[in-house]
Amino acid sequence: MGKASFSPAIFFIVIASVFYGCNGAFSDLNKIGQYTWNPSLAFPIAKATFGFEDFINRNDTLALIEKDEEGLIILTYENNDLFSQNAASYLELPDETHTESFNFNSPLLIQLPIAFQISKTEFFNFKIETEEGDEIDSVLLQSGELELKMLANFPASGEVKFRFLSLFLNGEQVEFTYPWQYSGTQPVLDQTDILDLSNLKMDLTDGGTTVNTFNFEVEITLNYEGQPVLPSNSLEIEVKLLNATFKAIYGKISERKIDPVSDTLKLDFFDNLSNGFFYLDEPAISINIGNSFGLPVSVNILSFEASNETSTLNLTGDITQPQLINFPALGQLGDTIRTVITIDHTNSNLPELISMLPTQIIYVFEGTINPQGIADNSFVLNESIVDVDLKIELPLKGRLSDLEASNLFEFDVGEIAEDIDFVLFQIYTNNGFPLSLDIQVIFLDEIGTELERLIDEDNRILEAAEVNAEGNVTLSKEKTIQVIADDDKLQRIQSASTIRIEVVINTTGDGTTSVKILDSYQLEIKIGAQIDFGLNVGGS
Amino acid sequence: MKKQLLILFMTLIAITAYTQQITLYQMYSSIPQSNQINPVFMPRSKITIGLPLISSDYVSVSTPASFDDFFTRSADDSLRIDEQKIIDAFNKSGKFDFEGNIGLLFLGLRTKTGFFSLSLNSRLDAGFTLPGSLVEFAFRGSGDTGTPASIRISEINLQTVWFNEIAVGYSRELNSKITVGGKLKYLQGIGTISVEGLNGYIESSIDSIHISMDPWSVHTAGQEFLKSAFPSANTDYFLFQNGNKGWGIDVGVEYKFMDNLLLSASILDVGKITWKEDTKSYLFDEVKYTFEGFDLLELLEDDENDPNSQSTIEDEIDSLGSLFEPEEVEGTIFSTPLSGKFYAGGRYTLLTIHTFGVIIYGKIFKSQLTPSVALTYNIELGKILNVGLNATFRNKTFNNFGVGLSAKLGPVQVYGLVDNFQSILLPEGARVISARVGLNFMFGKAKGS
């Protein structure tokens, strides 16, 4: 009996236990409280090892980098082709018109037999009127036209020969002959001819005795046929020099003014920098002027003004006097002779201009061709040009102290900040530059009220490297700082809409020593972060 | 004797146990399917027949942590997720284990001195190990600036094998004291996922992230079969008609130390399956990756407004991702070992109906041994009912209790076994649950049984 009843008893106990157990476990699910997941993630963010050139090349700047033999970094700003104008802008050959009348006088005609040939030659010239009183010896023409109009009413057949004593083609004088046949009607010659002046040489010296004089000779030959030739019978001539352009003009070119040229050079390297002391030892501006006119040119700096947001300063010193630049001699025909005018601390107050951290330089140059007509035997080619390039060179050798830079950025930390309890940034630097850098991040609300500063104490993230007496780095400096934002700080940051990043830069010794920035200097930086999250999960 | 007891006690303390079919092992005298875990075991009936799907169905699940391991009860009776308890649990063993067995056929024939058996089973054996360091990383991240986090990838393991087996067994009494048995198994693989060669580490700190991994691979088989299993299953593939073949053996021995004291031991599932059909492997190259931060200058150069340019961060992510892009190779040939197990035990019979025993069990998964030990008690209640109870030592306490019942009603035997009975009563503390149910037809009674 006992054995028989044992099996159902166990069965019921087991079943009851199972239901009880499962029910107990499921009821506990409702007791699970809110869980805050607090993972702490530490991870590297960024790293770099770079020199000054790497940094500049990766930033959107107008500055270019040059180096001297030592490797000293020279920031340069260039404005090439500041001014470039060729001779055609200053010199033009005027159009000329000259008329003549040619006839036979009576005594000559009375003595004529019934049939024979008669000739007569006459010499003509006219002056080419130049605008500025230029005294032109000769011109190698590039293009142009000589228009020749002829009208003759001789009662006989014949011809007229024009011999242009001032025009040469390949060394030979230029001449033309126009024949006609008399058939009882007049005029016997009514013709207009146009001579292409391209590549012709025009000698205006009348055999070396004068200038600006165009000579030509006319010879008429008549075949007398019994009709009387009266004085009223003539050849009317009109000679025009039209649209002449030159390849070269030789002679004495008068003084001409080059119109003042104004330009602005932006210096973005100093953008956002302010306050503090900034001094470069040897800034320089080179004005490189090319001249292929065969005569002197002078350049005058009418104005050279540096400015930033708050002030302006003008260039002063000897350099502001007119500077005479070199020019090619006759044997250097076609060459461009360059003259470099250097503005630096020896002839100007340029270091003071640069110290004011200018964001732009506005300058006005004026030029004069052959000032006061000092050159007699000069030449001008049609390709003669005066061009001006300007280059500002800022060798990075000098001193800074408490130089400040700041910039505003939009900021929106978003909802993720609500799930973060703690943030730590670890910044390691090994600084090979003789510059220290203090940085602060200031969180602002919508109306610009300061809410919080990111770094509480030591905000010098870069220690300046040590330098010797020449300003060269002898020992780089390592530093590790940790920037911590705890939950309270993060809460205050959340309502920020703007951040202002402020940077203070000093050279080694806080600006007491002149230091150099060489291209071999490098900065190693490693940034890592630790973020402690506080994510609330579930809960009943 | 005290010294021996101390050694035994120390041994018990030293091992962390998962119970696995302990109850079936202890009830071998009444349930024929105990022959599956020691081929030396013989049922009492002359003829035993187990029909498809109902003769023996077994499932076992174990996890590294129980519901209780996840929580600590606060003073207000609420439950708080307890990271440390979870991490501790996974640091002890991060192994997930699943076994399943559906009996398709069982035939047993008892002779005067021996026992023949033929069985068909469809088995699923899955194991996955999640290292405690990874769980700790998930909860606590990479730690603070001074403590680099390290995840040991080599502790991650995964192998899942589904296979059918045809087992032919024979056991025989060699003499009055020793009985030996063996079983030869023909194995037909259905599907598998197996990770091979996973070795390396991930270290993360505020200064750097290092990933170092040896070449590794993920082998799979049966993908196409599983994709097409419903509604048009490839029955040929499933029913022993594919190229994924293997062999395995079980061996066992029983020694009668004295009339009331028997010692027994078995080694199971020594073998492997070679996969040749419907295979696909994913081969991963060696990874040596160090990240010390994005290039600061390139970050500054990034143009957020340019939709055609890829950011430095995206480049780095792509670069990292490319290190883990596997080469897919179809038709590979590879092998997966069976998860070998061993059982050893002794039992003492008192007054013919009471049996006390000790059983040690171990399972080898991907070269990792998971042992356990149990104390057992059996009582035979007449000819009908056999009840087994056991307690398994785990976490320095006996906290796994097994219960087994078998009832023989004429030629029909029904049985049900639960190795971790407290998992049903107290599921919040359960890390392991295993159960087996079945029905056999048993005819005749063997001599001397």
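Residues numbered from 1 in each chain as written. Chains lettered and ligands numbered in written order. Predicted model: local features only at pLDDT ≥ 70, side-chain atom pairs only at ≥ 80, totals over all residues. Heavy atoms only, no water.

## Looking at the overall build of chain B
Secondary structure assignment for chain B yields 10 helices and 26 strands. Going through the 449 residues of chain B one by one, you find that 48% of them count as buried. Restricting to contacts in chain B with at least 6 residues of sequence separation, those with at least 24 account for 69%. Summed over all atoms, the accessible surface of chain B reaches about 20,600 Å², with 63% contributed by carbon and sulfur. (Helix = DSSP H or I, 4+ residues; strand = E, 2+ residues; numbered from the N terminus. Buried < 20%, exposed > 50% of the residue type's maximum accessible area, 1.4 Å probe, protein only. Contact = heavy atoms within 4.5 Å. Areas by Shrake-Rupley, 256 points an atom, 1.4 Å probe, with all protein chains shown as cover.)

## Description of the packing of aromatic side chains
Residue and element names in this part refer to chain B. Under the definition given, this model contains 27 aromatic pairs over all chains. When the centroid spacing of 4.9 Å and the interplanar angle of 45 degrees are considered together, the rings of Phe67 and Phe71 count as tilted. The partly exposed category is assigned to Phe67, whose relative accessible area is 21%. Overall, Phe71 belongs to the buried group, its relative accessible area being 10%. Here the aromatic rings of Phe90 and Phe96 are separated by 6.0 Å at their centres, their planes lie at 50 degrees, and the arrangement is tilted. (Phe/Tyr/Trp six-rings, centres within 6.5 Å; stacked < 30°, edge-to-face > 60°.)

## Focus: the nonpolar core
Among the nonpolar cores identified, the biggest contains 122 residues, and Leu167 and Leu235 of chain A are the most heavily contacted of them. When near neighbours in sequence (up to four residues on either side) are disregarded, Leu235 of chain A contacts Glu100, Ser101, Phe102, Met150, Leu151, Ala152, Phe154, Val160, Leu189, Val218 and Ile220 of chain A. Ile22, Met27, Tyr361 and Tyr415 of chain B belong to the second largest nonpolar core, which has 17 residues in total. (Core = buried A, V, L, I, M, F, W, Y, C linked by side-chain atoms within 4.5 Å.)

## Overview of the side chain of Asn164 of chain B
All names here are of chain B. When you line up the elements, Asn164 lands in strand E8 (residues 157-173). A relative accessible area of 1% places Asn164 in the buried class. Within the structure, the side chain of Asn164 is placed 2.8 Å from the side chain of Ser122, a separation counted as a polar contact. In contact with Asn164, not counting residues within four places along its chain, are Asn121, Ser122, Tyr186, Leu187, Gln188, Ile190, Phe238 and Phe240. (Polar contact = N/O pair within 3.5 Å; in protein donor to acceptor, adjacent residues only side chain to side chain.)

## Re the side chain of Asn244 of chain B
Residues and elements named next belong to chain B. Within the secondary structure, Asn244 sits in the loop between helix H7 (235-238) and strand E13 (245-258). Since its relative accessible area comes to 0%, Asn244 is described here as buried. Of the polar contacts made by the side chain of Asn244, one reaches the backbone nitrogen of Glu277; its length is 2.7 Å. When neighbours within four sequence positions are excluded, Asn244 is seen to be in contact with Leu187, Gln188, Gly189, Tyr237, Ile273, Thr274, Trp275, Lys276, Glu277 and Thr279.

## Some words on unusual backbone geometry
If a residue is not glycine, its phi is most likely negative; likewise, a peptide bond is most likely trans. Residue and element names in this part refer to chain A. Omega for the bond connecting Gln186 with Pro187 falls within 30 degrees of zero, at -10 degrees, which places this linkage in the cis form. When you line up the elements, Pro187 lands in the loop between strand E9 (172-180) and strand E10 (189-196). Residues other than glycine seldom take positive phi values, yet Asp402 does so here, at roughly 50 degrees. Mapping Asp402 onto the fold places it in the loop between strand E25 (397-401) and strand E26 (403-410).

## Points about the sheet that holds strand E16 (residues 277-280) of chain A
The pairing of strands in a sheet happens through backbone hydrogen bonds and is either parallel or antiparallel. Residues and elements named next belong to chain A. Spatially, the 3 strands line up as an open sheet ordered E16-E25-E35, and their pairing is antiparallel. Single-partner strands in this sheet number two, and they are E16 and strand E35 (515-516). Relative to E25, E16 runs antiparallel, the two sharing 4 bridges. Within E25, the residue paired with Phe277 across the bridge is Ser401. (Pairing = 2+ DSSP bridges.)

## Description of the interface of chain B and chain A
The partner chain A presents 39 residues to the 43 residues of chain B that form the contact. There are 1 salt bridge connecting chain B and chain A. Inspection of the region where chain B meets chain A yields 9 residue pairs in polar contact (both at pLDDT 80 or more). Taken together, the elements giving at least two residues each to the side of chain B that touches chain A come down to strand E3 (71-73), strand E4 (79-81), helix H5 (132-140), strand E17 (294-295), helix H8 (296-301), strand E23 (385-394) and helix H10 (422-425) of chain B. No other element matches the 5 residues that H8 of chain B contributes to the side of chain B that touches chain A. (Salt bridge = Lys/Arg side-chain N within 4 Å of Asp/Glu carboxyl O.)

## With respect to the environment of Leu64 of chain A
Residues and elements named next belong to chain A. Locating Leu64 in the fold gives a position in strand E3 (residues 64-67). Each C-alpha atom of the pair Leu64 and Thr76 lies 5.1 Å from the other, and the pair is 12 residues apart in sequence. Each residue touching Leu64, except ones within four places of it in the same chain, is listed here: Ile74, Leu75, Thr76 and Glu78.

## Observations regarding the pairing of strand E18 (residues 297-307) of chain A
All names here are of chain A. The buried fraction of E18 is high, at 8 of 11 residues. As paired elements, E18 and strand E20 (residues 323-325) share 3 bridges and run antiparallel to each other. Bridge pairing in E20 links Val297 to Ile325. Bridge count between E18 and strand E22 (residues 360-369): 10 bridges; the pairing is antiparallel. Opposite Phe304, over in E22, you have Tyr363 as the bridge partner. In this sheet, strand E19 (residues 312-314) lies alongside E18 in antiparallel orientation, the contact comprising 3 bridges. Bridging from a neighbouring strand, Ala306 pairs with Leu313 of E19. Between E18 and E19, which pair antiparallel one after the other, the connecting turn spans 4 residues.

## Some details on a nonpolar patch on the surface
Residue and element names in this part refer to chain B. A surface patch of nonpolar side chains, amounting to about 810 Å² of accessible area, comprises Tyr255, Phe257, Met258, Leu263, Tyr348, Leu350, Leu351, Ile353 and Phe356. Elements with a minimum of two residues in the nonpolar patch: E13 and strand E20 (341-350). The greatest single-element share of the nonpolar patch, amounting to 3 residues, is contributed by E13. Inspection of the secondary structure puts Phe356 in strand E21 (residues 354-365). Of the residues examined, Phe356 reaches a relative accessible area of 38% and is grouped as partly exposed. (Patch = residues over 30% accessible without salt bridge, like charges linked within 9 Å, V, L, I, M, F, W, Y side chains within 5 Å.)

## Considering the confidence of the model for chain A
Caution is warranted with low-pLDDT regions, since their predicted coordinates should not be read in detail. A residue-level look at chain A finds 91% of positions with pLDDT of 70 or above and a mean pLDDT of 85. Here residues 1-12 of chain A is a poorly scored stretch, pLDDT under 50, and it has 5 contacts once near neighbours within four places are set aside; other chains count. (pLDDT = per-residue confidence, 0-100.)

## A few points about the environment of Lys46 of chain B
Residue and element names in this part refer to chain B. When you line up the elements, Lys46 lands in the loop between helix H2 (22-26) and strand E1 (47-50). Residue classification places Lys46 among the partly exposed positions, given a relative accessible area of 44%. For Lys46 and Gly444, which are 398 residues apart along the polypeptide, the C-alpha to C-alpha distance reads 4.9 Å. Once residues within four sequence positions are removed from consideration, Lys46 is found in contact with Gly108, Leu109, Arg110, Phe443, Gly444, Lys445 and Ala446.

## What to know about the sheet that holds strand E7 (residues 149-152) of chain B
Residue and element names in this part refer to chain B. In space, the 4 strands of this open sheet follow the order E7-E10-E11-E16, with antiparallel pairing throughout. Looking at the sheet topology across the chains shown, the edges are occupied by E7 and strand E16 (287-291). Adjacent strand axes in the sheet meet at a mean angle of 5 degrees, parallel and antiparallel pairs treated alike. Sheet topology note: the E7/strand E10 (residues 200-204) ladder contains 4 bridges and is antiparallel. Bridge pairing in E10 links Ser150 to Glu203. (Axes fitted to C-alpha atoms, helices over the stretch in contact; angles between N-to-C directions.)

## Comments concerning helix H4 (residues 83-92) of chain B
Regarding H4 of chain B, the residues found buried are Glu83, Ile86, Ile87, Ala89 and Phe90 of chain B. Buried residues of H4 of chain B, viewed axially, fall in a sector of 160 degrees; they line one side. The elements touched by buried residues of H4 of chain B are strand E1 (35-37) of chain A together with helix H3 (67-70), E4, strand E5 (95-110) and H5 of chain B. (Arc of directions from axis to C-beta.)

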